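Next come the chains, spelled out residue by residue.
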Amino acid sequence: MRVITSTCPDCGTIVSANELEANRVMKCPSLGCKTVLAFDDLPDEERQFFLENREQYRL
Ligand SMILES: [Zn+2]
């Protein structure tokens, strides 16, 4: 399975597309980092791939 993740530009924490998609917008999970990550920040291609294959990404 292709893994789709986003990386926080400030601290490098990796967040899975599942979490981003579930929350749409979320604070970086890293302690003390205030960066806000959004599902919409993912590249178009990755967003589309995730949405088309969403069933595979269900936890
Ligand atoms: Zn961060």
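Residues numbered from 1 in each chain as written. Predicted model: local features only at pLDDT ≥ 70, side-chain atom pairs only at ≥ 80, totals over all residues.

(A) Inspection of the overall build of the protein at higher detail. Scanning the protein from terminus to terminus reveals three helices and four strands. What you see in the protein, going N to C, is helices and strands ordered as β-β-α-β-β-α-α. At 11 Å, the protein has a C-alpha radius of gyration in line with the 10 Å of a compact globule built from 59 residues. Along the three orthogonal principal directions, the C-alpha set of the protein runs to about 35 × 25 × 20 Å. Expressed as a percentage of its 59 residues, the buried residues of the protein come to 10%. Contacts spanning at least 24 positions in sequence make up 33% of the contacts within the protein whose residues lie at least 6 apart. (Helix = DSSP H or I, 4+ residues; strand = E, 2+ residues; numbered from the N terminus. Rg over C-alpha atoms; globule rule 2.2 N^0.38 Å. Buried ≥ 20, exposed ≤ 12 C-beta atoms within 10 Å, placed from the backbone. Contact = placed C-beta atoms within 7 Å.)

(B) Broad picture of the environment of Gly12. Locating Gly12 in the fold gives a position in the loop between β1 (5–7) and β2 (14–16). According to the C-beta neighbour criterion, Gly12 is exposed, with 10 such atoms within 10 Å.

(C) Spatial organisation of the confidence of the model for the protein. On average, residues of the protein carry a pLDDT of 93, and 98% of them reach 70 or more. Here helix α3 (residues 54–57) stands out as the least confident element of the protein, with mean pLDDT 88; strand β4 (residues 36–38) is the most confident, with 97. (pLDDT = per-residue confidence, 0-100.)

(D) Spatial organisation of the environment of Asp40. Along the polypeptide, Asp40 turns up in the loop between β4 and α2 (44–52). Separated by 16 residues in the primary sequence, Asp40 and Arg24 place their C-alpha atoms 7.5 Å from one another.

(E) How the structure looks around the nonpolar core. Of all hydrophobic cores here, the largest spans five residues; its members are Ala17, Leu20, Leu37, Phe39 and Phe50. Setting aside its immediate chain neighbours within four residues, Leu20 contacts Ser6, Val15, Met26, Leu37, Ala38, Phe39 and Leu42. (Core = buried A, V, L, I, M, F, W, Y, C linked by C-beta atoms within 7 Å.)

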